[in-house]
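Summary of the model geometry
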Amino acid sequence: MKNHYLFEGENLEFLRIAKSNKKEYDLVYIDPPYNTENKSLKYSDKKPEEEWLSFVSKRLDGLMSLVKKTGCVLLSINDQNVNILRSLCDKLFPNQYVTTFIWHKKRSGGGDSKHAVEEHEYILCYAKDPESLVFRGVALSEEQIEEYKVDENGNKYKLETLLLRGPNATVEKRPNLCYKIKDPDGNEVSPREGKGTW
């Protein structure tokens, strides 16, 4: 990958190396700890809020100096901490907020959720100069293009299934999600011909 750099490891070490290189980047992506008590990680992922803010703040301080005038910083975060991180970033990067991208991290399943399925996470976007920020589009593959249909007005759309997937998507485990619905033509339709769930 010509003119691209991938740093994997401790964010503070990346900042030290990047600042010593005195280069500017189109994009800096940071994936801070989510503070979710994830025991599979090699570092403590459950800190008091003030300690977590201090931890993250040290890794964001001076970050914008690495970004080109037309570039940005992206930060991934979960639902529990998006507001806290946004507040911190607004102080560190005043008047540089661009938007919050919402991404669909999974399509079904809630075995890891205490109350409701958490299907989305967030990516905060801050630019060195929001007026000069340039996003370069990525061309869709032929396979991706074929997934879209065109209506009578020339608008493109993509159909997504309503079916629940995964090991818990069986009639035996979720009988309340196995029922018939009527399609636009009035036909009754069952999920997977009565063998699955919506």
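Description of the structure in this document. (Residues numbered from 1 in each chain as written. Predicted model: local features only at pLDDT ≥ 70, side-chain atom pairs only at ≥ 80, totals over all residues. Heavy atoms only, no water.)

Moving on, we get to the pattern of salt bridges. Oppositely charged side chains may form a pair once their charged atoms are brought near each other. Following the criterion strictly, the structure yields four salt bridges and no others. Glu 24 is the salt-bridge partner of Lys 128, the closest N and O atoms lying 3.3 Å from each other. Of this pair, Lys 128 sits in the loop between β4 (120-127) and α4 (142-146) while Glu 24 sits in the loop between α1 (11-21) and β1 (25-30), placing them 104 residues apart in sequence. On the basis of relative accessible area, Lys 128 is assigned to the partly exposed category, the value being 29%. (Salt bridge = Lys/Arg side-chain N within 4 Å of Asp/Glu carboxyl O. Helix = DSSP H or I, 4+ residues; strand = E, 2+ residues; numbered from the N terminus. Buried < 20%, exposed > 50% of the residue type's maximum accessible area, 1.4 Å probe, protein only.)

Moving on: the packing of aromatic side chains. Here the structure, examined in full by the defined rule, presents three aromatic pairs. Ring centres 5.5 Å apart and planes at 55° place the aromatic pair Phe 93 and Tyr 126 in the tilted group. Of this pair, Phe 93 sits in the loop between α3 (82-92) and β3 (97-104) while Tyr 126 sits in strand β4, placing them 33 residues apart in sequence. Residue Phe 93 is classed as buried on the basis of its relative accessible area of 3%. Residue classification places Tyr 126 among the buried positions, given a relative accessible area of 0%. Three or more aromatic residues link up through ring pairs in this structure, and these residues are Phe 93, Tyr 97 and Tyr 126. (Phe/Tyr/Trp six-rings, centres within 6.5 Å; stacked < 30°, edge-to-face > 60°.)

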